[in-house]
Amino acid sequence: MSQTHVLVLNSGSSSVKYQLLDMRDSSRLAVGLVERIGEQTSRIKHTALTTGCTREQNGPVADHQAALKAVAEELARDGLGLDSPELAAIGHRVVHGGMFFSEPTVIDDAVLTEIERLIPVAPLHNAANLTGIRTAMALRPDLPHVAVFDTAFHTTMPEHAARYAIDTKIADRHRVRRYGFHGTSHAYVSRETAKLLGKAPDEVNVIVLHLGNGASASAVRGGRCVDTSMGLTPLEGLVMGTRSGDLDPAVIFHLERVGGMSMDEIDTLLNKRSGLFGLCGDNDMREIQRRIDEGDAQARLAFDIYIHRLKKYIGAYYAVLGRVDAIVFTAGVGENAAPVREAAVMGLEELGLAVDGDLNGVHGDEPRLISPADARVAVAVVPTDEELEIATQTYALVGKGNGTYSTALA
Ligand code: ADP
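Reference entry: report on the structure contained in this document. (Residues numbered from 1 in each chain as written. Predicted model: local features only at pLDDT ≥ 70, side-chain atom pairs only at ≥ 80, totals over all residues. Heavy atoms only, no water.)

1. Focus: the sheet that holds strand S4 (residues 43-48)
Then comes step 1: Reading across the sheet, the eight strands line up as S5-S4-S3-S2-S1-S6-S8-S7 and stay open at both edges, with mixed pairing between neighbours. For this open sheet the edge positions go to strand S5 (53-58) and strand S7 (105-106), each flanked by a neighbour on one side alone.
Then comes step 2: Where S4 lies against S5, six bridges are found, and the strand directions are antiparallel. Bridging from a neighbouring strand, Ala48 pairs with Cys53 of S5. (Pairing = 2+ DSSP bridges. Helix = DSSP H or I, 4+ residues; strand = E, 2+ residues; numbered from the N terminus.)

If you want it as structure tokens, here you go:
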């Protein structure tokens, strides 16, 4: 039997999301998640797309080991267990790959050590990713496990975009530089945008706006990332659901010295109590739009600050790229919030940017153009699919199930 299935695992600090794909046609066989791991109120939700059947279980799931065992059991109930001869590999999302990992990589001891060494720059994410990987490897040690890094797509950034203007020795000693995140999404969406334009990725320059709860922009020249808005951590750049994005670093000194806040409190403030949530008490764009429609001034201001920052990045990346073929919106806000897309390009006609009101108002799951037919620069909506991208990269690396793969560290 041919090995054509890939299991994609996204292990967070308190959740595991998974999808099983058949790479013959990139179809989903099963999707699910285990959430609130370590609490009494854990929940497992599993959907077998082969039968359309969804099962839900509530009750404590102690740790990642128990979570992955539960995932394996759920898959087995649909005849898709981890021992299936059709399973070619497991693809793991890993948030931080540092400067080292520019490609998907088959995981061995050396790779595990390197991911562990990166924990100080992504404490929450990499530690959780690592736990998920180790647990899955213990369950299927014979199978190739592939790490697909959120940072990988951004390793092509030139030094002048990747470095902060601080003392080089200190920066190098502590690995302080701009790494960027959401790379799997930026890679997938920029490629799909080229397809939508009927061109090869190396022929087009694209500004990708990944606007989810976390949000980032990237400038992609000929299929390679040349700049992105997130930095050492996913805190830099755009205004996000709960993160501040760009701010004067002196705000931190000020809050510590004058505001009497501890570093941990400031960390929590900027990561969890800022952005749209900090500005108006809501981080869901649907709710913010509803409040704006009711005349809520605080929600309006939060929206305007969000759009102002977005516009600044569009302008900056226009200048970085010199020539722009397309601007593309993706992720929860980018794919669904027509008013955000409209406001982001409003007034940029001189740059060749405009949206067609009717096209922008149409909802859909397919990649689509929303700019007027005669527009100089295409404006597009392309739904992201990070799981498919992880599965595709994993499957490509393991030699389509024939076992010929190599590790980056070998
Ligand atoms: P993440 O993966 O970063 O958690 P998503 O890409 O799933 O985030 O985006 C989630 C966000 O998308 C929600 O917080 C909400 O702001 C926004 N969103 C989802 N659906 C809609 C919609 N129909 N209209 C406006 N915003 C939406």
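2. A look at the pattern of salt bridges
Side chains that differ in charge, positive against negative, can pair when their charged atoms come close.
Then comes step 1: Under the defined criterion, the tally for this structure stands at 26 salt bridges.
Then comes step 2: Ionic pairing is found between Glu159 and Arg177, a salt bridge with its closest N-O pair at 2.8 Å. Of this pair, Glu159 sits in helix H4 (residues 159-162) while Arg177 sits in the loop between helix H5 (168-173) and helix H6 (183-196), and the two are 18 residues apart along the sequence.
Then comes step 3: Classification of Arg177 as buried rests on a relative accessible area of 9%. (Salt bridge = Lys/Arg side-chain N within 4 Å of Asp/Glu carboxyl O. Buried < 20%, exposed > 50% of the residue type's maximum accessible area, 1.4 Å probe, protein only.)

3. Focus on empty space enclosed by the protein
Then comes step 1: This structure, assessed with the given rule, holds one cavity of 30 Å³ or more.
Then comes step 2: Among the secondary structure elements, those contributing two or more residues to the lining of the largest cavity are strand S1 (5-11), helix H1 (64-77) and helix H3 (123-139).
Then comes step 3: Looking at the lining of the largest cavity element by element, the count peaks at three residues for H1. (1 Å grid on protein atoms, 1.4 Å probe; cavity = no way out; pocket = protein on both sides within 12 Å on 5 of 7 lines; lining within 4 Å. Points joined across faces, edges and corners; volume = space filled by probe spheres on them.)

4. Some words on the layout of surface pockets
Then comes step 1: What the second largest pocket holds in volume is close to 440 Å³.
Then comes step 2: Lining of the second largest pocket is provided by 22 residues; of these, Ser102, Phe153, Ala187, Gly223 and Gln393 occupy positions nearest its centre.
Then comes step 3: Residue assignment for the lining of the second largest pocket shows that the elements contributing at least two residues are strand S8 (145-149), H6 and helix H15 (386-397).
Then comes step 4: For the lining of the second largest pocket, the leading source of residues is H6, giving five residues.

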